Amino acid sequence: MRHLAILGSTGSIGTSTLEVVRAHPERLGVVALAAGRNRDLLKEQCETFRPRCVSVGSQEDAAWLRTNLSYRPELHWGNQGLLACVLDAAVDTVVAAIVGSVGLASTEAALRAGRRVCVANKEALVVGGALMHEAALAGGGELLPVDSEHAALHQLLDGRDRATLREVRITASGGPFRDWPLDRIQAATVEQALNHPTWKMGPKITIDSATLMNKGLEVIEAAVLFGLGPDQLSVTVHPQSQVHAMVGFHDGSYQLQVCANDMKLPIQYCLFHPDRQPGPVPAYSWDQARTWTFEPPDLERFPCLGLAFAALRAGGTAPALLNAANEVAVEAFLQGRLGFWDIQACNQDTLAGLPVTPLASLAQVLDADQAARRHAEGWVRARA
Ligand code: MG
């Protein structure tokens, strides 16, 4: 039996994780739930799963839960609350699904405390990947990637002799603007950018999918997770999102990982690894006709992908700078303060405008993150 803390329980990964839990009540138990602002859904989840430790974004919402829950769990709030959830003595597995670099400290603490951490928070890996490895090594924690492409790579690379590898590819759906001409992409609206063709996800990652920044962050994530260099990693656009990753060998042949595009699959894989349990969705069907297409990405129309490779090459704090700038730019775009094409411009300006230093500590990474946010916010204000 695995005893879970789910950070970000009301988001799309969190709710999918709870569906997996519901399908395996004898193998998965919920000890702790943490959410940000959605107190109504958190309350509902608490009543169903009865976690003994609960955390929410604000003190006010913690008090609200205290009066509105039909039982009395331990109640926490804010960043300290996230730590309380992962450090609860009964927790052995953490699903880290908080969006953005705010999830960094709790992910690190969980690894340092020897937990299995199923990481859906790609920012934690992009920004502080080396530090996450260190924490896992120091505390005996285990890092498993929930992101579909990385769960696919985990399956393809598990036990593989790396010397046989020539390259590693992750696929990209291409997002809603895959076949749009440049001038139309440049003028895209929030509504158009939020209309993702194959995945239903939160707003931040959906915008990142439209700019291909999401794929860029995933390239960095793959480099960190699997110890790969920028020249070993590539992206292939595959609009059907059925092949999630592929590895190429020196003899020119490839292995691909295939499954339905449902996040419950990689979540379940991470929770049960190295076991395989039935479900949570029907097995991939080869009894129907299917068409898969593949094409190279166009870096001119999707410059954010190129920026991510540049940040990976620069190393050190460069991925943290890019990630922070992008969080600010996407937020400003969603608020109507920036145009779609400004996102890449803001990211580029921040990456070029700030010094890159080697990664030494979490505090230093968070400093770089803050510096990049200030720079990007200044850029947004100047633009508005
Ligand atoms: Mg992904």
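Residues numbered from 1 in each chain as written. Predicted model: local features only at pLDDT ≥ 70, side-chain atom pairs only at ≥ 80, totals over all residues. Heavy atoms only, no water.

Bringing the sheet that holds strand S3 (residues 53–56) into the picture now. Spatial ordering of the open sheet is given by S4-S3-S2-S1-S5-S6-S7, a layout of 7 strands whose pairing is parallel. Looking at which strands have only one partner, the edges of the open sheet turn out to be strand S4 (74–77) and strand S7 (142–145). On average, each strand axis in the sheet is inclined to that of its neighbour by 25°, with strand direction left out of account. When strand S5 (residues 93–96) meets strand S6 (residues 116–119), the two strands line up parallel, connected through 4 bridges. Across the sheet, Val94 pairs through a bridge with Val117, a residue of S6. (Pairing = 2+ DSSP bridges. Helix = DSSP H or I, 4+ residues; strand = E, 2+ residues; numbered from the N terminus. Axes fitted to C-alpha atoms, helices over the stretch in contact; angles between N-to-C directions.)

Okay, the coordination of the magnesium ion next. Donor atoms from the polypeptide that bind the magnesium ion are Asp147 (OD), Glu149 (OE) and Glu218 (OE), placed at 2.1 to 2.3 Å. The sequence pattern formed by the donor residues of the magnesium ion is D-x1-E-x68-E. Pair noted here: Asp147 is in the loop between S7 and helix H7 (148–157) and Glu218 is in helix H11 (residues 213–226), with a separation of 71 residues, a long-range link. For Asp147, a relative accessible area of 10% gives the class buried. Exposure remark for Glu218: the relative accessible area of 1% places this residue in the buried category. (Donors = N, O, S within 2.8 Å, 3.2 Å for Na, K, Ca; no water. Buried < 20%, exposed > 50% of the residue type's maximum accessible area, 1.4 Å probe, protein only.)

Membership of the largest hydrophobic core comes to 91 residues, with the highest contact counts inside it found for Leu7, Val94, Leu153, Phe177, Leu233, Val247 and Phe340. Broken down by element, this core gets its largest block of residues, 11 residues, from helix H14 (residues 318–334). Formed by 33 residues, the second largest nonpolar core is a distinct cluster that contains Ile13, Val54, Cys118 and Leu271. (Core = buried A, V, L, I, M, F, W, Y, C linked by side-chain atoms within 4.5 Å.)

Quick look at the state of the cysteines now. Note: disulfide means a covalent bond formed between the sulfur atoms of two cysteine side chains. Summed over all chains, the structure comprises 0 disulfides. Cysteine Cys85 shares no disulfide, and the gap to the nearest cysteine sulfur, in Cys53, comes to 3.9 Å. (Disulfide = S-S within 2.5 Å.)

If you walk through the whole model with that rule in mind, you get 23 salt bridges. In this structure, Lys204 engages Glu123 in a salt bridge whose closest nitrogen and oxygen atoms are separated by 3.5 Å. With a gap of 81 residues between them, Lys204 in helix H10 (residues 203–211) and Glu123 in helix H6 (residues 122–139) connect regions that are remote in the sequence. Note on Glu123: relative accessible area 5%, which makes it buried. The salt bridge partner of Arg178 is Asp179, with a shortest N-O separation of 4.0 Å. Taking relative accessible area as the criterion, Arg178 reaches 24% and is therefore assigned partly exposed. Residues participating in the shared-partner salt-bridge network are Lys122, Asp147, Glu149, Lys215 and Glu218. (Salt bridge = Lys/Arg side-chain N within 4 Å of Asp/Glu carboxyl O.)

Let's shift gears to helix H16 (residues 362–383). Taking 1.5 Å per residue, 22 residues should reach 32 Å; H16 reaches 31 Å between its end C-alpha atoms and fits that length. Leu362, Val365, Ala368, Asp369, Ala372, Arg373, Ala376, Trp379 and Val380 are the residues of H16 that are buried. Buried residues of H16, seen end-on, are gathered within an arc of 140° and therefore sit on one face of the element. Residues Ala363, Asp367, Arg374, Arg381 and Ala382 are exposed on H16 and point more than 90 degrees away from its buried face. Those residues of H16 that are buried are in contact with helix H5 (104–112), H6, H14 and helix H15 (340–353). (Expected span 1.5 Å × (residues − 1). Arc of directions from axis to C-beta. Contact = heavy atoms within 4.5 Å.)

All of the buried residues along helix H2 (residues 39–49) are Leu42, Gln45, Cys46 and Phe49. Buried residues of H2, seen end-on, are gathered within an arc of 105° and therefore sit on one face of the element. Set apart from the buried face of H2 by more than 90 degrees, the exposed residues are Asp40 and Glu44. Against helix H1 (12–23), strand S2 (28–34), S3 and helix H3 (59–68) lie the buried residues of H2. At the C-terminal side of H2, Arg50 shows a positive phi close to 50°.

Next up on the list: the packing of aromatic side chains. What describes a pair of aromatic rings is the distance from one ring centre to the other and the angle between the planes of the rings. All chains considered together, the criterion is met by 5 aromatic pairs. Pairing Phe333 with Phe340 gives two aromatic rings, centres 5.6 Å apart and planes at 70°, and the pair type is edge-to-face. The exposure class of Phe333 is buried, given its relative accessible area of 2%. Looking at Phe340, the relative accessible area reads 4%, which means it is buried. (Phe/Tyr/Trp six-rings, centres within 6.5 Å; stacked < 30°, edge-to-face > 60°.)

The next point concerns a nonpolar patch on the surface. A cluster of nonpolar side chains, contributed by Tyr254, Leu256 and Phe294, occupies part of the molecular surface with about 250 Å² of accessible area. Note on placement: Tyr254 falls in strand S11 (residues 254–258). Exposure remark for Tyr254: the relative accessible area of 33% places this residue in the partly exposed category. (Patch = residues over 30% accessible without salt bridge, like charges linked within 9 Å, V, L, I, M, F, W, Y side chains within 5 Å. Areas by Shrake-Rupley, 256 points an atom, 1.4 Å probe, with all protein chains shown as cover.)

When cut into domains, the protein gives domain 1 (2–145), domain 2 (147–261 + 292–309) and domain 3 (315–384). Using C-alpha coordinates to define each centre, domain 1 is positioned 27 Å away from domain 3. Taken together, the contacts link 11 residues of domain 1 with 12 residues of domain 3. Roughly 860 Å² of surface becomes buried between domain 1 and domain 3 when both sides are summed, with 71% attributable to carbon and sulfur atoms. Together, Ser101, Val127 and Leu131 form the three largest contributors to the area buried by domain 1 at its contact with domain 3, with a combined 53%. Across the domain 1-domain 3 interface, the total number found is 0 salt bridges. Secondary-structure elements contributing two or more residues to the side of domain 1 that touches domain 3 are H5 and H6. It is H6 that contributes the most residues to the side of domain 1 that touches domain 3, 6 residues altogether. Residue composition of the side of domain 1 that touches domain 3, by class: 7 nonpolar, 2 polar and 2 charged. (Domains from an automatic or database assignment. Buried area = accessible area lost by both parts, 1.4 Å probe. Nonpolar A, V, L, I, M, F, W, Y, C, P; charged D, E, K, R; others polar.)

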